[in-house]
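The chain contents come next:
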Amino acid sequence: MNWQNQKILVAGLGGTGVSMIAYLRRAGAQVAAYDADLKPEREAQLTQLFKGLSCHTGRLKDALAQGFDVLALSPGISERAPEIAEFKQNGGRVLGDIEILAHIVKARGDKVIAITGSNGKTTVTSLVGYLCVKCGLDTVVAGNIGTPVLEAELQHEGKKADVWVLELSSFQLENTESLTPDAAVVLNISEDHLDRYDDLIDYAHAKDKIFRGNGVQVLNADDALCRAMKRNGRQVKWFSL
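Summarised in this report is the structure supplied together with it. Each chain carries its own residue numbering, running from 1 in the direction its sequence is written. Residue-level local features of this predicted model are given only where pLDDT is at least 70; pairs of side-chain atoms are given and counted only at 80 or more, and the full residue set underlies all totals for whole chains, interfaces and linings. For the side-chain quantities, the full set of heavy atoms in the structure was used; hydrogens and water were omitted.

### Observations concerning a nonpolar patch on the surface
In step 1: Patch definition: residues with relative accessible area over 30% and no salt bridge; like charges joined within 9 Å; nonpolar side chains (Val, Leu, Ile, Met, Phe, Trp, Tyr) joined within 5 Å. The Shrake-Rupley method, run with a 1.4 Å probe, gives the accessible areas here. Residue values count only the displayed protein chains as cover. Salt bridges are defined by distance alone: a side-chain nitrogen of Lys or Arg within 4 Å of a carboxyl oxygen of Asp or Glu. Residues Leu127, Tyr130 and Leu131 make up a contiguous nonpolar surface patch of roughly 310 Å² in combined accessible area.
In step 2: Counting from the N terminus, the helices are the DSSP runs of H or I reaching at least four residues and the strands are the DSSP runs of E reaching at least two. Relative to the helices and strands, leucine 131 resides in helix H6 (residues 121-134).

Listed below in structure tokens is the structure:
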């Protein structure tokens, strides 16, 4: 994906947002930053870290009116907000850090194991990462587990990894369209984040996006919503009590 000279607004300035700014600036994009409640001391930190960075606060609608091509969202911000929907309708592109990484690993041919679920995903991600390392694989463990994926990509200096082990939340999967893991799991679905989703089925649909592509599906046979995610023509591995 060519980011050269694209005008990108990064919304949300925690670890994920900062990693997107760092990666996209290095890739040649014209990057600005937004946070609804940007404190002066935080803005000072960011402009010291990224020379010449333009920062916006207040209404996202006003920031988007500055003519951006792309809105790069941190996971804590839902793209269902009316001003974001309007931005998309007007031809703007909305994505997150996982979508950016998806294009990187696809171009290089890195393998990906992706893990989500309402409960247990950090434990499983840690275990899978440990097993991959013990198998002698050059392994990158990142995502919701703590290290933002683009921060991990910069730390790995753009070199191909044998495998990425990614813990992904439903928030991260919402605007991820291009990730096609070699193996992916939904561990379970239980009521969570229902302030952000219409209902449990809506939440499960966000989780189900982890199964894009043709990779192996790993599914919980004891969970009805997980069973419903089985796709025709795919290799499936079941687990159960």
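Now that the structure is up, let's keep going.
### Brief notes about the sheet that holds strand E5 (residues 93-95)
In step 1: Ordered by their spatial adjacency, 5 strands build an open sheet running E3-E2-E1-E4-E5, and the pairing between neighbours is parallel. Strands with a single pairing partner mark the edges of an open sheet, and in this sheet they are strand E3 (54-56) and E5. Sheet twist, expressed as the mean angle between neighbouring strand axes with direction ignored, is 25°.
In step 2: Relative to E3, strand E2 (residues 30-34) is paired through 3 bridges, and the arrangement is parallel. Paired with alanine 32 across the two strands is serine 54, which belongs to E3.
In step 3: Two residues qualify as a contact provided that any one of their heavy atoms is within 4.5 Å of a heavy atom in the partner residue. Axes here refer to lines fitted to C-alpha atoms; in helices the fit is confined to the stretch in contact. Angles between the N-to-C directions go from 0 to 180 degrees. This element, helix H1 (residues 15-26), spans strand E1 (7-11), E2 and strand E4 (70-73) of the sheet and lies at about 165° to E1. Criterion used throughout: strands pair if DSSP finds at least two bridges between them.

### Here's the deal with the pattern of salt bridges
In step 1: This structure, assessed with the given rule, holds 15 salt bridges.
In step 2: Across the salt bridge formed by aspartate 110 and arginine 108, the nearest N and O atoms sit 3.0 Å from each other.
In step 3: With a shortest N-O distance of 2.7 Å, lysine 209 and glutamate 177 are connected by a salt bridge. Residue lysine 209 is found in the loop between helix H9 (200-208) and strand E10 (216-220), and its partner glutamate 177 is found in the loop between helix H8 (170-174) and strand E9 (183-186); the two are separated by 32 residues along the sequence.

### Brief notes about the packing of H1 against helix H5 (residues 97-108)
In step 1: Closest axis-to-axis distance for the H1/H5 pair is 10 Å, and the angle between their directions is 40°. Comparing the axis directions of H1 and H5 gives the class oblique. You can see that H1 and H5 cross each other, and the crossing is left-handed. Across from Thr16, Met20, Tyr23 and Leu24 in H1, the residues of H5 making contact are Asp97, Ile100 and Ile104.
In step 2: Under the scheme applied, nonpolar residues are Ala, Val, Leu, Ile, Met, Phe, Trp, Tyr, Cys and Pro; charged residues are Asp, Glu, Lys and Arg; polar residues are all the others, including Gly. When the residues that make up the contact of H1 with H5 are grouped by side-chain class, the tally is 5 nonpolar, 1 polar and 1 charged. Any angle that is under 35 degrees is reported as roughly parallel, and any over 145 degrees as roughly antiparallel; angles of 65 to 115 degrees are reported as roughly perpendicular and all others as oblique. Crossings are classed by handedness, with left-handed meaning an anticlockwise turn of the near helix from the far one by less than a right angle and right-handed meaning a clockwise turn.

### Looking at the nonpolar core
Across soluble globular proteins, you tend to see nonpolar side chains buried next to one another.
In step 1: Only buried residues count toward a nonpolar core, which is a set of Ala, Val, Leu, Ile, Met, Phe, Trp, Tyr and Cys residues joined through side-chain atoms within 4.5 Å. For each residue, the accessible area found with a 1.4 Å probe, counting protein chains only, is set against the maximum for its type, and the residue is called buried under 20%, exposed over 50%, and partly exposed in between. In terms of nonpolar packing, the biggest core is built from 53 residues, with Trp3, Leu24, Ile100, Trp164 and Leu166 touching the most fellow members.
In step 2: Per-element tally for this core: the top contributor is H5, with 6 residues.
In step 3: Discounting residues that sit within four places of it in the chain, leucine 24 has contacts with Trp3, Ile8, Val10, Ala29, Val31 and Ile100.
In step 4: Residues Ala11, Leu64, Leu71 and Phe87 belong to the second largest nonpolar core, which totals 13 residues.

### So, the sheet that holds strand E11 (residues 236-239)
In step 1: Taken in spatial order, the 6 strands make up an open sheet running E7-E8-E6-E9-E10-E11, and their pairing is parallel. In this open sheet, the two strands that pair with only one neighbour each are strand E7 (139-143) and E11. Between one strand axis and the next, the sheet turns through 15° on average, direction left out of account.
In step 2: Direction of pairing for strand E6 (residues 111-116) relative to strand E8 (residues 163-167): parallel, over a ladder of 5 bridges. If you follow alanine 114 over to E8, its bridge partner there is leucine 166.

### Let's talk about unusual backbone geometry
Excluding glycine, a negative phi dihedral is what most residues carry, and trans is how most peptide bonds are arranged.
In step 1: Even without a glycine there, the phi angle at asparagine 5 is positive, about 65°.
In step 2: At glutamate 157, a position not held by glycine, the phi torsion is positive, near 60°.
In step 3: Given a relative accessible area of 63%, glutamate 157 falls into the exposed group.

### Topic: the pairing of E10
In step 1: Most of E10 is tucked away, with 4 of its 5 residues classed as buried.
In step 2: Relative to E10, E9 runs parallel, the two sharing 4 bridges. Counted as the bridge partner of alanine 183 is valine 216 from E10.
In step 3: Direction of pairing for E10 relative to E11: parallel, over a ladder of 4 bridges. Within E11, the residue paired with leucine 219 across the bridge is tryptophan 238.

### Quick look at the side chain of lysine 207
In step 1: Note on placement: lysine 207 falls in helix H9.
In step 2: Contacts of lysine 207, omitting those with residues within four sequence positions, involve Thr116, Gly117, Ser118, Lys121, Leu168, Ser169, Ser170, Leu173, Val186, Ile189 and Met229.

### Side note on the environment of isoleucine 115
In step 1: Structurally, isoleucine 115 can be placed in strand E6.
In step 2: Residues isoleucine 115 and valine 165, spaced 50 residues apart in sequence, show a C-alpha to C-alpha distance of 7.7 Å.
In step 3: Leaving out residues up to four positions away in the same chain, isoleucine 115 has contacts with Lys121, Val124, Thr125, Val128, Val165, Leu166, Glu167, Leu168, Val185, Leu187 and Ile210.

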